[in-house]
Amino acid sequence: MTAPVRAPLMALDDALHALLSHALPLTDTESVATFDAVGRVLATDLVSALQVPPRDNSSMDGYAVRVADLPEAGTVLPVSQRIPAGHAGEPLRPGTCARIFTGAPMPEGADAVVMQEDTREVGGDFHAVHIDAIPQPGQWVRRAGEDVTRGSVVLARGVRLDEAALGLAASLGLAHLTVTRRPRVALFSTGDELVMPGEVPPEAMPPGAIYNSNRFFLRALLQRFGCEVSDLGIVPDRREATLAALKTAADHHDLILTSGGVSVGEEDHIKPAVQQLGELALWQIAMKPGKPFAYGHVRRDAGAGADVAGRCHFIGLPGNPVSSYVTFLLLVRPFLLQLQGVADPSALRLPAAMRLRADFAVPRADKRREFLRARRNAQGGVDLFPNQSSGVLTSVAWADGLVDNPAGTTIAPGDVVHFIALADLLS
Ligand code: AMP
Ligand code: MG
């Protein structure tokens, strides 16, 4: 008898590519207050209806002058007006200067600002000043439109709005922004061993029971990446219950995200249930942790308000907490960003890795590409968390990055490794 031939596992890059080919951006948009738009993805180009700043203005507290009125350092000019921010001055009388403050519009005729520190008042009452440094034309003047010109695309469709972008949108006078609607995600955990914190105290946990940790980080990660989450709790390890949960969730969501139950054991009901209600397009990836990752779709009941061609995306994450966490960051994150219309291709790839020195050893090579939980140290190298088991969530909480180690590669102290910062995967 010959042993069955096992198909090789899919490479991570191929899996990501395949996954993204299914993540068609949502077409529904909504208007949100600019105040509430951080993390949302612009659905239209923002075109400026005005110049920013609207007029030439001073970037210093000092004196607005005509450079031609200043033959030499120390020249005395009478102060003919005072222009605070928010006020328009008069045209500048030749042979005089204007007291001016940061942000105040330049008076007509003035072509430079002399900062206060380069002047001395004559007498005690600001009627005239010595100009001690001759300015270049344009000195300390912010030009109208130097930040934004009228009619220009300031932020393009597909930009994920960060705090600076909110400020920029506000500087154009926009109180509301049109963004892609949030993906609606149904989250459930599988596993009869799971108990919710708060339901049973640690000392009363029955044998074999563990607390449901995945539910906590998965819900928070989904929210971080812009999703509206329906947390459907824990689904028991039974075929009927799994089918019922998938069916109900598919009708009202864009994505069903599960954890656990997607391996090959007879208690793993997710895979056959998805195959019964839809199709599995991807299953098992050549990575460690994270091999039992699955992607597919679940058909919706006809007429259930389906907006993605009658099917709901399905992603099954491994049950082991570290596997679940890492596959979320490497695969689900780009999937969700693309679903929301993020245009920047670099947001949809693995973040660029830093080349850093290993201050540890991995003497035994693995057949799969590994993502080792690691942390930068004060000596410019990288330390490894001692226990790399996929059940040890402490490793992720301790780490500030993942060492991306190619399949079949050992690591000796001093070797250069590829380090991906967790901060880049969480942004
Ligand atoms: P499974 O993929 O269902 O075979 O689960 C793999 C391992 O992950 C088992 O040890 C489970 O007990 C554990 N596990 C599954 N789901 C969770 C969860 N939500 N929180 C913590 N551990 C889990
Ligand atoms: Mg299980």
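Residues numbered from 1 in each chain as written. Chains lettered and ligands numbered in written order. Predicted model: local features only at pLDDT ≥ 70, side-chain atom pairs only at ≥ 80, totals over all residues. Heavy atoms only, no water.

Peer 1: Describe the side chain of asparagine 57, and please don't skip the residues or the numbers.
Peer 2: Here asparagine 57 shows up in strand β3 (residues 57–58). On the basis of relative accessible area, asparagine 57 is assigned to the buried category, the value being 6%. At 3.2 Å, the side chain of asparagine 57 and the backbone oxygen of arginine 55 are in polar contact. Look past the residues within four positions of asparagine 57 in its chain and what remains in contact with it is Gly103, Ala104, Pro105, Met106, Trp140, Val141 and Arg142. (Helix = DSSP H or I, 4+ residues; strand = E, 2+ residues; numbered from the N terminus. Buried < 20%, exposed > 50% of the residue type's maximum accessible area, 1.4 Å probe, protein only. Polar contact = N/O pair within 3.5 Å; in protein donor to acceptor, adjacent residues only side chain to side chain. Contact = heavy atoms within 4.5 Å.)

Peer 1: Account for the sheet that holds strand β17 (residues 255–259), naming residues and giving values.
Peer 2: Taken in spatial order, the 6 strands line up as β16-β13-β17-β21-β20-β18 in an open sheet, and their pairing is mixed. Unpaired on one side and paired on the other, β16 (228–235) and β18 (278–283) mark the two borders of the sheet. Averaged over all pairs of adjacent strands, the angle between their axes in this sheet comes to 20°, without regard to strand direction. Where β17 lies against strand β21 (residues 311–317), 5 bridges are found, and the strand directions are parallel. When the sheet's bridge partners are listed, threonine 258 is paired in β21 with glycine 316. Running at roughly 165° to β16, helix α3 (residues 214–224) makes contact with β13 (184–190), β16, β17 and β21 of the sheet. Against the sheet, helix α5 (residues 270–277) touches β13, β17, β18, β20 (294–299) and β21, its axis set at about 130° to β18. (Pairing = 2+ DSSP bridges. Axes fitted to C-alpha atoms, helices over the stretch in contact; angles between N-to-C directions.)

Peer 1: Give a description of the site of ligand 1 that names residues and reports values.
Peer 2: Near ligand 1 lie 15 residues; those nearest to it are Glu193, Asn212, Ser213, Gly261 and Gly319. Contact distances for ligand 1 include 2.5 Å between an oxygen atom and a side-chain N or O atom of glutamate 193. For ligand 1, a nitrogen atom lies 3.1 Å from a polar atom in the backbone of serine 213. A total of 490 Å² of accessible area belongs to ligand 1 in isolation, and the protein chains cover 77% of it. (Near = heavy atom within 4 Å. Areas by Shrake-Rupley, 256 points an atom, 1.4 Å probe, with all protein chains shown as cover.)

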